[in-house]
Amino acid sequence: MRSILTSLCGLLLLAANISKANCNLEIEGNDAMQFNTKELSVPASCTEVKLTLKHVGKLPKTAMGHNWILVKEKDLQTVSSQGLTAGPTHDYIPQDKSLVIASTKLLGGGEQDTITFSTKALSPSEKYLFFCSFPGHFALMKGSFSIK
Ligand code: CO
């Protein structure tokens, strides 16, 4: 009995580790104004997501800045224009955060930023998008984010 319990504990720990690993995301932006993926997802079991954005290019953030902003699909245009209004001193991230689910700072070539955010307010039935709010970038630099 004891050995069965021990094995069960081991399995649970293993499962916990696996689900934790799946809650970590990594995405890259480059000097060609592109992310390396157009689709990100995490399992519904994640309570928190850890996301790392890496700028793998060489250009400075004033010329080829990248950030990663998560919004509901329907809020993309609004948050994008709010970001432009906020401007470079605020990393093109709206000062009013009410529609911003998560955001990294604005990066230049060779830089990276890691953020964690709660999935508490996210729903598997809602459509989410991530994008870069640097002027002119979201046409190419966007993708879907889902909870599966
Ligand atoms: Co960008």
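This one's a predicted model, so the numbers in the text were calculated from it and none came from an experiment.

Quick notes on the rules
Residues numbered from 1 in each chain as written. Predicted model: local features only at pLDDT ≥ 70, side-chain atom pairs only at ≥ 80, totals over all residues. Heavy atoms only, no water. Pairing = 2+ DSSP bridges. Helix = DSSP H or I, 4+ residues; strand = E, 2+ residues; numbered from the N terminus. Buried < 20%, exposed > 50% of the residue type's maximum accessible area, 1.4 Å probe, protein only. Donors = N, O, S within 2.8 Å, 3.2 Å for Na, K, Ca; no water. Tetrahedral: all angles 85-135°; square planar, octahedral: opposite > 155°, others 65-115°. Axes fitted to C-alpha atoms, helices over the stretch in contact; angles between N-to-C directions.

Chemist: Would you mind going over the pairing of strand β8 (residues 142-147) with me for this structure?
Modeler: In this sheet, β8 lies alongside strand β2 (residues 39-42) in parallel orientation, the contact comprising four bridges. Paired with E39 across the two strands is S144, which belongs to β8. For strand β7 (residues 128-131) and β8, the ladder comprises four bridges, and the chain directions are antiparallel. Each bridged residue has a counterpart across the sheet, and for L129 the counterpart in β8 is S144.

Chemist: It is not clear to me how unusual backbone geometry should be interpreted in this structure. Could you clarify?
Modeler: Keep in mind that most residues, glycine aside, have a negative phi and that most peptide bonds are trans. Even without being glycine, D91 reaches a positive phi, approximately 60 degrees. Locating D91 in the fold gives a position in the loop between α3 (76-86) and β5 (102-103). Among the residues examined, D91 registers a relative accessible area of 16% and is labelled buried.

Chemist: Explain the sheet that holds strand β4 (residues 69-72) here, please?
Modeler: Strand pairs in the sheet, formed through backbone hydrogen bonds, run parallel or antiparallel to each other. Strand order in the open sheet formed by five strands is β2-β8-β7-β4-β5, and the pairing between neighbours is mixed. Each having just a single partner strand, β2 and β5 make up the two edges of the open sheet. For β4 and β5, the ladder comprises two bridges, and the chain directions are antiparallel. Opposite I69, over in β5, you have S103 as the bridge partner.

Chemist: Is there a simple way to think about the coordination of the cobalt ion in this case?
Modeler: Surrounding the cobalt ion are the protein donor atoms G65 (O), H66 (ND1), C132 (SG) and H137 (ND1), which sit 2.1 to 2.5 Å from the metal. Note that the cobalt ion binds four donor atoms; their angles at the metal cover 80 to 130 degrees, and the shape is irregular. In primary sequence terms, the donor set of the cobalt ion follows G-H-x65-C-x4-H.

Chemist: Teacher, can you tell me more about the sheet that holds strand β1 (residues 24-29) here?
Modeler: Spatially, β1-β3-β6 is the arrangement adopted by the three strands of the open sheet, whose pairing is mixed. Either end of the sheet is taken by a strand with one partner, and the two such strands are β1 and β6 (112-118). The sheet shows a mean angle of 20 degrees between the axes of neighbouring strands, taken without regard to direction. Here six bridges tie β1 to strand β3 (residues 48-55), and the two strands are oriented parallel to one another. The partner of L25 across the bridge, within β3, is L51.

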